[in-house]
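# Structure assessment
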Amino acid sequence: MAEKTIIIIPVRWGSSRFPGKPLVLISGKTMLLRVFQIAKACFEADDVFIATDDERIQNHAKEIGAKSIITSATCRNGTERVLEAARQIGHLGTVINLQG
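Cut-off values and rules
Residues numbered from 1 in each chain as written. Predicted model: local features only at pLDDT ≥ 70, side-chain atom pairs only at ≥ 80, totals over all residues. Heavy atoms only, no water. Helix = DSSP H or I, 4+ residues; strand = E, 2+ residues; numbered from the N terminus. Buried < 20%, exposed > 50% of the residue type's maximum accessible area, 1.4 Å probe, protein only. Core = buried A, V, L, I, M, F, W, Y, C linked by side-chain atoms within 4.5 Å. Contact = heavy atoms within 4.5 Å. Salt bridge = Lys/Arg side-chain N within 4 Å of Asp/Glu carboxyl O. 1 Å grid on protein atoms, 1.4 Å probe; cavity = no way out; pocket = protein on both sides within 12 Å on 5 of 7 lines; lining within 4 Å. Points joined across faces, edges and corners; volume = space filled by probe spheres on them. Nonpolar A, V, L, I, M, F, W, Y, C, P; charged D, E, K, R; others polar.

Attention now goes to the environment of G65. Mapping G65 onto the fold places it in the loop between α2 (55–63) and β5 (67–70). G65 sits in the exposed class, given a relative accessible area of 58%. Through-space distance from the C-alpha of G65 to that of G20 is 20 Å; in sequence the pair is 45 residues apart.

As structure tokens, then:
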């Protein structure tokens, strides 16, 4: 059986430079939707997840048909968020950290 590859998109609301950036519309689409669509177009990936600590982002993920995982607000960066999400999923294969 081949090793599975997943993409995890770490997303947070609380940016000091631009709070709420993932849900801002850019030409009619949110930034999160754009990144999710790019991830879904990757035929080598077996699954795509959005990892976030924010309910607004989780709700939007649901609206766009994305799987989401709630992670701790104490994650210091996207890499920590991806690691925590991969552990929650129980994934032991390849993980791609796709940041928008």
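To continue, consider the nonpolar core. In terms of nonpolar packing, the biggest core is built from 13 residues, with I7, I9, V11, L32, F36, V48 and I50 touching the most fellow members. Considering every element that reaches this core, the biggest residue donor is helix α1 (residues 31–40), with four residues. Non-local contacts of I50, meaning those with residues more than four positions away in its chain, are made with I9, V11, L32, F36, I57, A61, I64, A66, K67, S68 and I69. In terms of nonpolar packing, the next biggest core, distinct from the first, is built from eight residues, I6, A51, V82 and A85 among them.

Within the sequence span of α1, burial applies to M31, L32, L33, V35, F36 and A39. Taken together, the buried residues of α1 touch β1 (5–11), β2 (25–26), β3 (29–30), β4 (47–52) and α2.

A few words on the pattern of salt bridges. Counted under the stated rule, the structure contains four salt bridges. Note that D53 is salt-bridged to R81, the shortest N-O span being 3.9 Å. In this pair, D53 sits in the loop between β4 and α2 while R81 sits in helix α3 (residues 78–89), placing the two residues 28 residues apart along the sequence. You can call R81 buried: its relative accessible area is 3%. Ionic pairing is found between R56 and D54, a salt bridge with its closest N-O pair at 2.7 Å. Classification of D54 by relative accessible area gives buried; the value is 10%.

In this structure, the largest pocket occupies an estimated 420 Å³ of space. Contributing to the lining of the largest pocket are 20 residues, with P10, V11, R12, K21 and M31 lying nearest its centre. For the lining of the largest pocket, the secondary-structure elements that each account for two or more residues are β1, α1 and α3. Grouping the amino acids of the lining of the largest pocket by side-chain chemistry returns nine nonpolar, six polar and five charged.

Mapped onto the secondary structure, V48 falls in strand β4. Assessed through its relative accessible area of 5%, V48 is described here as buried. Taking C-alpha positions, V48 is 9.8 Å from V95, a pair spaced 47 residues apart along the chain. Apart from residues no more than four positions distant in its own chain, V48 is found in contact with I7, I9, F36, A39, K40 and K67.

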